[in-house]
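Structural overview
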Amino acid sequence: MKRLLINITVGIILVASISALSCAPTKAPIPAASPLLTQHPQDQVGTPKSSSAFSPDEVAWQKVVEAARKEGKVNAYSFNWVGDVGLAISRAFKEKYGISIDIVTGRGAEFLERMKTEKRMRQQLADITDGNSVGVNNMKLEGLLASVYDELPVFKEKGVWWVEPTMIDPQDKANLIFRLVEYAPYVNTKVLKSEDVPRSWKDLLDPKWKGNMSLSEPKVTPSSIQVMVVLMDKKVWDEDYIRALYRQNLRFYTGLPDELLVLARGETKLQIVGSDTTSARFVMEGAPIQAIDMREGIVVSSGSEAAVAGGPNPNAARLFLNWFYSQEGMSTVGKALGNKMVRKDVADFRPKAVQAPITNPFMMTLEQVDRATELFRQRWFDKLVGR
């Protein structure tokens, strides 16, 4: 009887335990993470988001990122990425995405002909290219560029641009500004007192400047005429002003380096049109020169970046350009080049002496460049001043 009672008691305990277990909530299995939506689609780093938090645009971009990783490389035809500059850019991009950049350097005109031949032979090699905005525009006119602006998440950022990257190509959005080039007057700070520095373009007509100013020869290079065209369009200069300026016994030089060398030696006191990209090298070597602002405004030009149509690695090209125009990319490129970039939230890496405190920038347009080129061919300046 005692054994029977023990067996009954054990049975009751077992039944109660089974009942308790059957009433307990069942734990749902943890689903495996989707390989496509494990990280933020713009850069694939940072805190993961759940798949429901991604918009259709983000999902589409993530597919571009994954395809870019499979392509594994970007081919660049570049005017700007020479030597250490190219190494810095390619190293930073590869560290972030594991994608290599093969860089071929040269001149824009050479690349234009090369890319035309490659397109004709259906053996295109370049994925991206750069240069001055005019050269890149010539590539666009030949049908060599792809418009990827609307596909890149970085261009949805607002309030971070000095000027819109599409400013010179608002319709096709293929020729994208990435850096700004300031054309300001430069003075020699050793031979000129601060109180004598001109603050207005009108000041240059003062007799004290006669024989003390230089200008790049308008019959050799159209750059001086480009600046003249912009300032005339803005009603700052006119033809009468240019004639009066010429009567100040301007000293003409065949290029900016020669002109800057003379200014640095104190043989002239003022360079009417200097470029920050050229002047920076002289400043870093100790030249006592300084960019100055003008009350009415100074001219600003640009450099461009673009995707090549029909390139072998289209997704890697898109990923690169998205990084290139990000704050991180612009900081890397700006530091390597020593340039002022198109983003406001990136440091100005130029020497302080070439940073004119611009109060009124006049962005040079492609139409103005074309008009200046035509005036250059017609020897407009020589006819205007009667030489």
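About the thresholds
Residues numbered from 1 in each chain as written. Predicted model: local features only at pLDDT ≥ 70, side-chain atom pairs only at ≥ 80, totals over all residues. Heavy atoms only, no water. Helix = DSSP H or I, 4+ residues; strand = E, 2+ residues; numbered from the N terminus. Contact = heavy atoms within 4.5 Å. Areas by Shrake-Rupley, 256 points an atom, 1.4 Å probe, with all protein chains shown as cover. pLDDT = per-residue confidence, 0-100. Axes fitted to C-alpha atoms, helices over the stretch in contact; angles between N-to-C directions. Parallel < 35°, antiparallel > 145°, perpendicular 65-115°, else oblique. Nonpolar A, V, L, I, M, F, W, Y, C, P; charged D, E, K, R; others polar. Salt bridge = Lys/Arg side-chain N within 4 Å of Asp/Glu carboxyl O. Buried < 20%, exposed > 50% of the residue type's maximum accessible area, 1.4 Å probe, protein only. Core = buried A, V, L, I, M, F, W, Y, C linked by side-chain atoms within 4.5 Å. Expected span 1.5 Å × (residues − 1). Arc of directions from axis to C-beta. Pairing = 2+ DSSP bridges. Right-handed = clockwise from strand over helix to strand, strands pointing away. Phe/Tyr/Trp six-rings, centres within 6.5 Å; stacked < 30°, edge-to-face > 60°. Lys NZ or Arg CZ within 6 Å of the ring centre and 35° of its normal.

Assigned secondary structure in the chain consists of 13 helices and 12 strands. For the chain, long-range pairs separated by at least 24 residues make up 77% of all intrachain contacts whose partners lie at least 6 apart in sequence. Surface accessibility of the chain: about 19400 Å² in total, with carbon and sulfur atoms responsible for 54%.

Considering every residue of the chain, the mean pLDDT works out to 87; 86% of them sit at 70 or more. A low-confidence stretch, residues 1-42 stays under pLDDT 50, and its non-local contacts, those more than four residues away or across chains, total 30 contacts.

Attention now goes to the packing of helix α3 (residues 84-97) against helix α10 (residues 314-324). At their nearest, the axes of α3 and α10 sit 11 Å apart, and the two run at 110 degrees to each other. Overall, the two elements α3 and α10 adopt an arrangement that is roughly perpendicular. The segment α3 lies against α10, with I89, A92, F93, K96 and Y97 engaging A316, L319, F320 and W323. Considered class by class, the residues forming the contact of α3 with α10 number eight nonpolar, no polar and one charged.

Once that is clear, we can look at the environment of V74. Within the element layout of this structure, V74 appears in strand β1 (residues 73-78). Through-space distance from the C-alpha of V74 to that of P314 is 8.5 Å; in sequence the pair is 240 residues apart. Among residues more than four places away in sequence, those in contact with V74 are F93, I99, S100, I101, D102, D127, I128, A316, A317 and F320.

Mapped onto the elements, T365 comes out in the loop between β12 (361-363) and α12 (366-377). Taking the C-alpha atoms as reference, T365 lies 6.1 Å from I168; in sequence the two are 197 residues apart.

Inspection of every chain in the model, using the stated rule, returns 24 salt bridges. The shortest N-O distance in the salt bridge between E118 and R114 comes to 3.4 Å. Of this pair, E118 and R114 are both found in helix α4 (residues 108-121), four residues apart, which corresponds to roughly one turn of the helix. R114 gets classed as partly exposed once you look at its relative accessible area, which sits at 36%. K140 is paired through a salt bridge with D169; the nearest N and O atoms lie 2.9 Å apart. Here D169 lies in the loop between β4 (145-146) and β5 (176-188) and K140 lies in helix α5 (residues 133-141), a separation of 29 residues in the sequence. Residue D169 is classed as buried on the basis of its relative accessible area of 3%. Ionic contacts of the salt-bridge type, sharing partners, join the residues E217, K219, R379, D382 and R387 into one network.

Counting 50 residues, the largest nonpolar core has W201, L204, W237, I242, I272 and W380 as its most contacted members. With seven residues, the single largest contributor to this core is helix α6 (residues 223-233). Not counting the four nearest positions on each side in its chain, W380 is found in contact with I225, M228, M232, E239, I242 and L375. Counting 47 residues, the second-largest nonpolar core is a separate cluster that includes I128, F155, I168 and A307.

Time to look at α4. End to end, α4 covers 20 Å across 14 residues, agreeing with the expected 20 Å (1.5 Å per residue, within 8%). What α4 keeps buried is the set F111, L112, M115 and E118. Relative to the axis of α4, the buried residues are bounded by an arc of 135 degrees and lie together on one face. Facing away from the buried surface of α4 by more than 90 degrees, the exposed residues are A109, R120 and M121. The positive-phi residue at the C-terminal boundary of α4 is R122, with phi of around 55 degrees.

Further remarks concern the pairing of β1. Taken across its six residues, β1 has five buried, putting it largely inside the fold. The pairing of β1 with strand β2 (residues 100-105) spans six bridges and is classified as parallel. Of the residues in β2, the one forming a bridge with Y77 is V104. In this region the chain leaves β1, passes through α3 and returns to the parallel neighbour β2; the handedness of that crossover is right-handed. Of the pairings in the sheet, the one linking β1 to strand β3 (residues 128-132) comprises two bridges and is parallel in character.

One pass over the full model with this rule turns up 18 aromatic pairs. Each ring, one from F155 and one from Y325, has its centre 5.0 Å from the other, and the planes form 55 degrees; the classification is tilted. Separated by 170 residues along the polypeptide, F155 in the loop between β4 and β5 and Y325 in the loop between α10 and α11 (327-337) bring together distant segments of the chain. You'll find F155 and Y325 in the same group, each marked buried. The interplanar angle of 85 degrees and the centroid separation of 5.3 Å between the aromatic rings of W201 and W237 together place this pair among those described as edge-to-face. In this pair, W201 is assigned in the loop between β5 and β6 (213-216) and W237 in the loop between α6 and α7 (239-246), connecting sequence segments 36 residues apart. Here a set of aromatic residues connected by ring pairs shows up, and it is made of W81, F93, Y97, Y149, F155, W161, F178, F320, W323, F324 and Y325. Cation over ring: R343 sits above W161, and NZ or CZ is 5.1 Å from the ring centre. In this structure, R387 is placed above the aromatic ring of F252, and the distance from its NZ or CZ to the ring centre is 4.7 Å.

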